[in-house]
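Structural description and commentary
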Amino acid sequence: MRLPSINRSFIVLAVIVLFLILVPILGSRSTVNLVAEMAAVLAIALMWNLLAGFGGMVFMGFQVFVGIGGYAVFMAANGFQVLPFPFILLSAALCALTALAIMPILSRLQGAQFAIASWVISEVVRLTVFQTSVLGGGGGISLTAMRSVPRELRMYGTYGSAALVLIVALVVCVFLMRSRVGLALRAIRDNATAAEAMGIDLRRTQRLVMMIAAAVAGAGGGAYYMLALQIGPGTAFSMNWMAITLFVVILGGIGTLEGPIVGVVVYFLLRETLSDLGSVYFILLGLMAILVTLLFPKGAWGGLRQLIGQDLLPIRRNPSESKG
Amino acid sequence: MEVLINGAFIGALYGLYGLGLALTLGLMRQINLAHGDFIVFSAYLTLQGSLLLGVHPLMVLPVVAVVMFVVGFVLQRLVIERTLGRGEMPPILVTFGLSIILQNVMLELFSADTRNLNPGPLGAASIEIAGLSLGVLPLLTLAVSFAIFWATSAVFGSTKFGRAIRATSDSDQTAQLMGINTSRIFAVAMGLTLAISAIAAGFYGMRGNFDPSTGPERMLFAFEAVILGGVGSIWGTLAGGILLGLSQAAGSLINPSYGPLVGHLVFLVVLLALPGGLMSLRRRQ
């Protein structure tokens, strides 16, 4: 039976929320921490996919938002010595402002130039943090505010923050892509000139989506580093974030909502089983990313979708629905 | 003053990094994100070669350049060619994957230790010009950069191969109709890109330290040189590289660790104020 597509999205979203609620009730301590980490990584990957897969903006410096989001939580919570969890809102706000500030540079660039300029921006932030002693300089800072927090509260609070960010990321993706903005975004990706001729405000659409993606990714970074309890410029602004994000998105299927969800499961399965291999593990990841891009551009979800026969989080509206 | 002059010399090296990138960017409208990792890889090959044979790094450099030409040619035919014509994203994703693979292969083969190429007596030699003491090695770097830029622009301007490249760059479909084997042109261009980068790598290794993780920064410097100069201009890339080198030197005068940061900032400011790069200034006049 085929349900109207928006109802199908609601059901799938509800199943994911139910899963996220059941994990802390049924799961062990290590499972809860692992799922929290997966949730933060998935939220970040979903947002990168929103920019690159749906918007054609290949933002290769996406770690800038992860890092700023993490540092925002650490500085605010340490400064006031209070519970860090609410400060992921601060992470989101700071990252949205950062996106707004860098859009004048990026908005006229495309493709490779956009990719490199965004990377350079991330490097500028990394090097600045490295030189700023208030932010801990090259050595980084610990989340000292977490020391007085009881262990249970620390675990469930961090998990809750990460899960909430993921739910927001999923809801934002589904509703944004079904809205006029999502339609405009894909029109720009497919043909910017034609989209502008149809009356789409190119810069406004891209700026809005960039701010949303930055905000959610920043909150994801905040949640991730609450789990890590330690942040430094070398790791928070590392290209490794880009490698993980790309792997999750490409392997799962770029330009789909289901793809990164599949990708994050595959990525963590591989990491939990193969990461002992060290650099060989990264060589394998790189090889898989290249092979999937060349041979299976639709990713793992592309294959699964053929088996299932329908989208689980549909973003295309059926013509018949708008008639009825 | 000497710091700035040295900066300009290093800048010529950045221009050389950028020259290869400018070639592939202008021709295929795509960027090789593993460009910097190939530079570091070439530096390691030069190191291994000179240790193995017990000769000066400059002696093995031509051989490494030939090897890297073949690597580039094969890489283009086997991998990168398959990403063309499918939009801007696949080349970026594939070469990023390549970058991760190369970094980790180098980590496996050569460990994470910082290395450099021993320039021998060349390293300390200096000559006195107009009251300034200038290193022989930086001067040699500048001379070699100029020679390679001159050779490249000569090849582009007045040979059949250069004409074919320019035609392919303007419209690869039309060039194909005119009987030009564009896949072959692309592969030769990628080979040349890596060969030029290998020469640059030799001088990079004699001046400073490298390790498997220093590639991406080289790639950023190369790209900044291309954009600062203006895409599609050969001499512009050299000018862009020198501007970048000067900016970094000026930054390091303020604080020794500010060099790359100031270089990046200058790049972003130019991108904002002068999207066409330095060469657009000349055209406007």
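One structure accompanies this document, and this report is about it. Source: prediction; values computed, not measured.

**Quick notes on the overall build of chain B**
- When its secondary structure is counted, chain B shows 12 helices and two strands.
- Reading chain B from its N end, one meets helices and strands in the order α-α-α-α-β-β-α-α-α-α-α-α-α-α.
- Expected size for 285 residues packed as a compact globule is a radius of gyration near 19 Å; at 19 Å, chain B falls within 12% of this value.
- Along the longest, intermediate and shortest principal axes, the C-alpha atoms of chain B span 55 × 50 × 35 Å.
- A separation threshold of at least 6 residues defines the contact pool for chain B, and within that pool the share at least 24 residues apart is 76%.
- Summed over all atoms, the accessible surface of chain B reaches about 11700 Å², with 64% contributed by carbon and sulfur.
- Distance from the positive charge centre (14 side chains) to the negative charge centre (12 side chains) of chain B: 14 Å.

**Description of the overall build of chain A**
- Within chain A one finds 15 helices and two strands.
- For chain A, whose C-alpha radius of gyration is 19 Å, the value lies close to the compact-globule estimate of 20 Å for 324 residues.
- The 324 residues of chain A split such that 56% are buried.
- Of the contacts formed within chain A by residues at least 6 apart in sequence, a portion of 79% connects residues at least 24 apart.
- About 13600 Å² of surface is accessible on chain A, with carbon and sulfur atoms providing 66% of the total.
- One way to put it: in chain A the 21 positive side-chain charges average out to a point 5 Å from where the 11 negative ones average out.

**Some remarks on the interface of chain B and chain A**
- Taken together, the contacts link 41 residues of chain B with 39 residues of chain A.
- Carbon and sulfur atoms make up 81% of the area that chain B and chain A hide from each other, which totals about 3400 Å².
- Across the contact surface, chain B and chain A share three residue pairs in polar contact (both at pLDDT 80 or more).
- When residues of the side of chain B that touches chain A are traced back to their parent elements, those giving at least two are α4 (89-110), α9 (215-229) and α11 (259-273) of chain B.
- In terms of residues, the side of chain B that touches chain A owes the most to one element, α4 of chain B, which gives 14 residues.
- Here the residues of the side of chain B that touches chain A are counted per class, giving 31 nonpolar, five polar and five charged.

**Observations regarding the packing of aromatic side chains**
- This structure, assessed with the given rule, holds 23 aromatic pairs over all chains.
- Both rings, one in Tyr224 of chain A and one in Tyr225 of chain A, keep their centres 5.0 Å apart while their planes meet at 75°; by these two values the pair is edge-to-face.
- Given the relative accessible area of 4%, Tyr225 of chain A is considered buried.
- Through successive ring pairs, a cluster of aromatic residues spans Tyr14, Tyr17, Tyr44, Phe110, Tyr204, Phe210 and Phe221 of chain B.

**Points about a nonpolar patch on the surface**
- A cluster of nonpolar side chains, Leu18, Ile21, Leu22, Ile25 and Leu26 of chain A, forms an exposed patch at the surface whose accessible area comes to about 520 Å².
- With respect to the element layout, Ile25 of chain A can be found in helix α1 (residues 5-26).

**Focus: the pattern of salt bridges**
All names here are of chain A.
- Counted according to the given criterion, the structure contains eight salt bridges over all chains.
- Residues Asp190 and Arg189 are paired through a salt bridge, measuring 3.1 Å at the closest nitrogen-oxygen approach.
- When salt bridges that share partners are traced, they join Glu37, Arg271 and Glu272 into one network.

**Brief notes about the pairing of strand β2 (residues 132-135) of chain B**
- Pairing of strand β1 (residues 126-129) of chain B with β2 of chain B, which is carried by four bridges, proceeds in the antiparallel orientation. Within β2 of chain B, the position partnered with Ile129 of chain B by the bridge is Leu132 of chain B.

**Some points on helix α4 (residues 88-106) of chain A**
- The end-to-end C-alpha separation of α4 of chain A is 26 Å, in line with the 27 Å expected for 19 residues at 1.5 Å each.
- Within α4 of chain A, burial applies to Ile88, Ser91, Ala92, Cys95, Ala96, Thr98, Ala99, Ile102, Met103, Ile105 and Leu106 of chain A.
- Considering only its buried residues, α4 of chain A is in contact with α3 (63-80), α5 (111-131), α6 (151-178) and α9 (202-228) of chain A together with α11 of chain B.

**Some details on the side chain of Glu37 of chain A**
- Examined against the element boundaries, Glu37 of chain A turns out to sit in helix α2 (residues 29-54).
- In contact with Glu37 of chain A, not counting residues within four places along its chain, are Tyr224, Leu227, Phe268 and Arg271 of chain A.

About the criteria used
- Residues numbered from 1 in each chain as written.
- Chains lettered and ligands numbered in written order.
- Predicted model: local features only at pLDDT ≥ 70, side-chain atom pairs only at ≥ 80, totals over all residues.
- Heavy atoms only, no water.
- Helix = DSSP H or I, 4+ residues; strand = E, 2+ residues; numbered from the N terminus.
- Rg over C-alpha atoms; globule rule 2.2 N^0.38 Å.
- Contact = heavy atoms within 4.5 Å.
- Areas by Shrake-Rupley, 256 points an atom, 1.4 Å probe, with all protein chains shown as cover.
- Lys, Arg positive; Asp, Glu negative; His and termini not counted.
- Charge placed at Lys NZ, Arg CZ, Asp CG, Glu CD.
- Buried < 20%, exposed > 50% of the residue type's maximum accessible area, 1.4 Å probe, protein only.
- Buried area = accessible area lost by both parts, 1.4 Å probe.
- Polar contact = N/O pair within 3.5 Å; in protein donor to acceptor, adjacent residues only side chain to side chain.
- Nonpolar A, V, L, I, M, F, W, Y, C, P; charged D, E, K, R; others polar.
- Phe/Tyr/Trp six-rings, centres within 6.5 Å; stacked < 30°, edge-to-face > 60°.
- Patch = residues over 30% accessible without salt bridge, like charges linked within 9 Å, V, L, I, M, F, W, Y side chains within 5 Å.
- Salt bridge = Lys/Arg side-chain N within 4 Å of Asp/Glu carboxyl O.
- Pairing = 2+ DSSP bridges.
- Expected span 1.5 Å × (residues − 1).

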